[in-house]
Amino acid sequence: MARIVAGIGSSHVPAIGAALDNGKTEEPYWKRIFSGFEKSQAWMRETKPDVAIIVYNDHASAFSVEMIPTFALGCAAEFPPADEGWGPRPVPVVQGHPALASHIAQSVILDEFDLTICNKMEVDHGMTVPMNLLFGKVEKHGHWPCPVIPLAVNVVMYPPPTGHRCYMLGRAIRKAVESYPDDLKVVIFGTGGLSHQISGPRAGLINSKWDKNFLDNLSSNPQKLVKIPHLDYMREAGAEGIEMVMWLIMRGALDDKVDEVYRFYTVPASNTAVGHIILANRERGSGRKSAAKVAARSKRSPARLKRAAARTKVERIRG
Amino acid sequence: MAREQHDYDDIPGTFVFDAERSRQGYGINMFCMSLMKDDNRRAFKANEAEYLKKFKLTPEQTEAILKRDYNRMLELGGNIYFTAKLGATDGHSFQHLAALMTGSTQQDYAAMMLGGGRSVEGNRSRSGKNAASKFLGAGGRGKSAAGKRQAKSKAKPKSKTKSAKRK
């Protein structure tokens, strides 16, 4: 069966994509941000997922104000990068996984989540920036390392889905993935945030205390986050900070107890607090010894053992 | 036709793009969407008032667009991800727009962001509801977690200095 092995939270600041596309990654301002993802990229190369489900939001690129779906699942074979007004980002077309995507759609709709199905969809920086941060830079004519199933969430028009609804959708996605017959290693991304407001006279708001608390609870006590009302997100983390609810879909798709593999937080990237976390499911039914067991079976056991050891001592880099 | 009042209208300096504004600002946002195409950008720049006639806009909305009054556009139903396309058409960076909306210079705004951004303290409420969210801090992880958080917030200025130095 297919299985979700880990969840990744990552901001999707457009300026990060622009810095990458314009060769600014070595400038100190941007290096501070990109260097925070170096270990994540190594982790991703090691994990080698077969599929990534990426929860993200569109920013007036593929979806306008003509239609505003709350949850839209990409079931197409490929997703071209959207032209956000200045030509599409120079990244490869994203390959989909239509078979797993339609299996998920069928499963979660029968679980009472009324998804919109997109058989044709372009994807903007909301999805491709986190892909770059985790997969590294990929030339336009190259290939992303794995197929992707995009799940677009409306967080642009109020009200977005509640945190609780997002978390429960994550649960339903996990159930769907686990009922898929092929052996697939799946990772799920929650993107956006962390605190930021980019509109109106209060623009520039950042609340690091809130962000750190959110990351702490995401790791060990997600049930607490599920209860946060929209008003509190907007007051504390900014009008646009409300996109943090998307991280709860990722968290809902993981087991209750997870290992925090890595965390990174820095302020600012342009107008936004950048947050990043990697949470790994433990091997089922074997508790803490799981990582060693996995390592014993793997050819790359030293690296895996190292990773297992790292779980007891969570790395935190703060910019 | 007064706007329906909501709990989030209490947040200062914020125009929440809700379903009502989405309906009201449809013309503004569709105009901004049209600026994704180069031909349209040129046509708009050649004769702004004439170009705007193609969209269903109220006189107030038209005036806000022509005057580049970004806060007014938001108040009248524009959404920031859309109005940013107008700013880009004028050749402005997003930070330029952000500074404009906050009434500061771009230099001051950029310095504020590098210094850790605008503090939430004193910026939560128009009506004095300035206590931190109950979802921040209390409960859940108990006393030790609260202590840890305090220690972290003390460490904050230090990390800022570090990032400033690296910058």
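Computed from a predicted structure; not experimentally measured.

Chemist: Can you tell me about the overall build of chain B, naming the residues and giving the values?
Modeler: Along chain B, the regular secondary structure elements total 10 helices and 0 strands. Sequence-ordered secondary structure for chain B, helices as α and strands as β, is α-α-α-α-α-α-α-α-α-α. For chain B, the residues scored as buried account for 32% of the 167 residues in total. Long-range contacts, defined as pairs at least 24 residues apart, comprise 56% of the intrachain contacts of chain B with a sequence gap of at least 6.

Chemist: Kindly report on the packing of helix α2 (residues 26-34) of chain B against helix α7 (residues 80-89) of chain B, identifying the contributing residues and their values.
Modeler: Residue and element names in this part refer to chain B. It is the contact of α2 with α7, at a shortest axis distance of 8 Å, that shows an interaxial angle of 45°. As the angle between them shows, α2 and α7 are arranged oblique. Crossing geometry of α2 relative to α7 is assigned as left-handed. Where α2 abuts α7, its residues Asn29, Cys32 and Met33 lie against Phe82, Thr83, Lys85 and Leu86. For the contact of α2 with α7, the class distribution of residues is 4 nonpolar, 2 polar and 1 charged.

Chemist: Any chance you could break down the interface of chain B and chain A for me, citing the residues and the numbers?
Modeler: Listed by partner, the interface residues are 56 residues for chain B and 45 residues for chain A. Every element with two or more residues in the side of chain B that touches chain A is listed here: α1 (19-24), α2, α6 (70-75), α7, α8 (94-102), α9 (106-114) and α10 (142-166) of chain B. For the side of chain B that touches chain A, the leading source of residues is α10 of chain B, giving 7 residues. Taken together, the residues that form the side of chain B that touches chain A break down as 27 nonpolar, 18 polar and 11 charged.

Chemist: Tell me what's going on with the confidence of the model for chain A, and back it up with residues and numbers.
Modeler: Reading fine detail from the predicted coordinates is not recommended where pLDDT is low. All names here are of chain A. Per-residue pLDDT for chain A averages 92, and the proportion of residues at 70 or more is 89%. Confidence over residues 286-290 falls short of pLDDT 50; this stretch has 4 contacts with residues more than four positions distant or in other chains. Note on residues 315-319: pLDDT under 50 across the span, and 12 contacts to partners over four residues away in sequence or across chains.

Chemist: Give a detailed account of the packing of helix α1 (residues 14-21) of chain A against helix α5 (residues 125-135) of chain A, specifying residues and quantitative values.
Modeler: Residues and elements named next belong to chain A. α5 packs onto α1 with a crossing angle of 60° between their chain directions and a minimal axis gap of 9 Å. Judged by the inter-axis angle, α1 sits oblique to α5. When you trace α1 past α5, the crossing you get is left-handed. Contact residues: Pro14, Ile16, Gly17 and Leu20 in α1; His125, Thr128, Val129, Asn132 and Leu133 in α5. Here the residues of the contact of α1 with α5 are counted per class, giving 5 nonpolar, 4 polar and no charged.

Chemist: Which residues make up unusual backbone geometry, and what are the values?
Modeler: Residues and elements named next belong to chain A. Cis geometry marks the peptide bond from tyrosine 158 to proline 159, where omega comes out at 0°. Assignment of secondary structure puts proline 159 in the loop between β7 (148-153) and α6 (163-178). Between glycine 193 and leucine 194 the backbone carries a cis peptide bond, its omega angle lying at -5°. A positive phi angle, close to 55°, is found at alanine 60, a residue other than glycine.

Chemist: Requested: an account of the pairing of strand β10 (residues 272-281) of chain A, with residues and values cited.
Modeler: Residue and element names in this part refer to chain A. The buried fraction of β10 is high, at 9 of 10 residues. Two strands pair when backbone bridges link them, and strand β1 (residues 3-10) and β10 are joined in this way by 5 bridges, in the antiparallel orientation. When the bridges of β10 are listed, glycine 9 appears paired with isoleucine 277. Both strand β9 (residues 258-269) and β10 contribute to a ladder of 9 bridges, which runs antiparallel. When the sheet's bridge partners are listed, glutamate 260 is paired in β10 with leucine 279.

Chemist: How would you summarise the environment of leucine 66 of chain B if you had to cite specific residues and measurements?
Modeler: Residue and element names in this part refer to chain B. Looking at where leucine 66 falls in the secondary structure, it is placed in helix α5 (residues 59-66). In this structure leucine 66 comes out as exposed when scored by C-beta crowding, with 11 C-beta atoms within 10 Å. In sequence terms leucine 66 and asparagine 79 are 13 residues apart; their C-alpha atoms lie 16 Å from each other. Excluding its chain neighbours within four sequence positions, the residues that come into contact with leucine 66 are Glu48 and Ala49.

Chemist: Give me α2 of chain B: which residues, what numbers.
Modeler: When we look at burial in α2 of chain B, the residues that qualify are Gly27, Ile28, Asn29, Phe31, Cys32 and Met33 of chain B. The elements touched by buried residues of α2 of chain B are α4 (48-52), α5, α6 and α7 of chain B.

Chemist: Summarise the nonpolar core; cite the residues concerned and give the values.
Modeler: All names here are of chain A. Counting residues in each nonpolar core, the largest one holds 138 residues, and the members touching the most others are Ile53, Val55, Ile104 and Met246. Among the elements that take part in this core, α6 stands out by supplying 8 residues, more than any other. Discounting residues that sit within four places of it in the chain, isoleucine 53 has contacts with Ile149, Leu151, Ile173, Val186 and Ile188.

Chemist: Could you give an account of the environment of glycine 91 of chain B, with specific residues and numbers?
Modeler: All names here are of chain B. Along the polypeptide, glycine 91 turns up in the loop between α7 and α8. Using a count of 7 C-beta atoms within 10 Å as the deciding quantity, one classes glycine 91 as exposed. Taking the C-alpha atoms as reference, glycine 91 lies 21 Å from methionine 113; in sequence the two are 22 residues apart.

Chemist: Quick one: what's the story with α9 of chain B, residue by residue and with numbers?
Modeler: All buried positions along α9 of chain B are accounted for by Tyr109, Ala110, Met112 and Met113 of chain B. All buried residues of α9 of chain B lie within an arc of 155° about the axis, which places them on one face of the element. In α9 of chain B, the exposed positions angled more than 90 degrees off the buried face are occupied by Gln107, Asp108 and Ala111 of chain B. Looking at the buried residues of α9 of chain B, the elements they touch are β9 of chain A together with α8 of chain B. Positive phi appears at glycine 116 of chain B, one or two residues downstream of α9 of chain B, with a value of about 110°.

What counts and what doesn't
- Residues numbered from 1 in each chain as written.
- Chains lettered and ligands numbered in written order.
- Predicted model: local features only at pLDDT ≥ 70, side-chain atom pairs only at ≥ 80, totals over all residues.
- Helix = DSSP H or I, 4+ residues; strand = E, 2+ residues; numbered from the N terminus.
- Buried ≥ 20, exposed ≤ 12 C-beta atoms within 10 Å, placed from the backbone.
- Contact = placed C-beta atoms within 7 Å.
- Axes fitted to C-alpha atoms, helices over the stretch in contact; angles between N-to-C directions.
- Parallel < 35°, antiparallel > 145°, perpendicular 65-115°, else oblique.
- Left-handed = near helix turned anticlockwise from the far one by under 90°.
- Nonpolar A, V, L, I, M, F, W, Y, C, P; charged D, E, K, R; others polar.
- pLDDT = per-residue confidence, 0-100.
- Pairing = 2+ DSSP bridges.
- Core = buried A, V, L, I, M, F, W, Y, C linked by C-beta atoms within 7 Å.
- Arc of directions from axis to C-beta.

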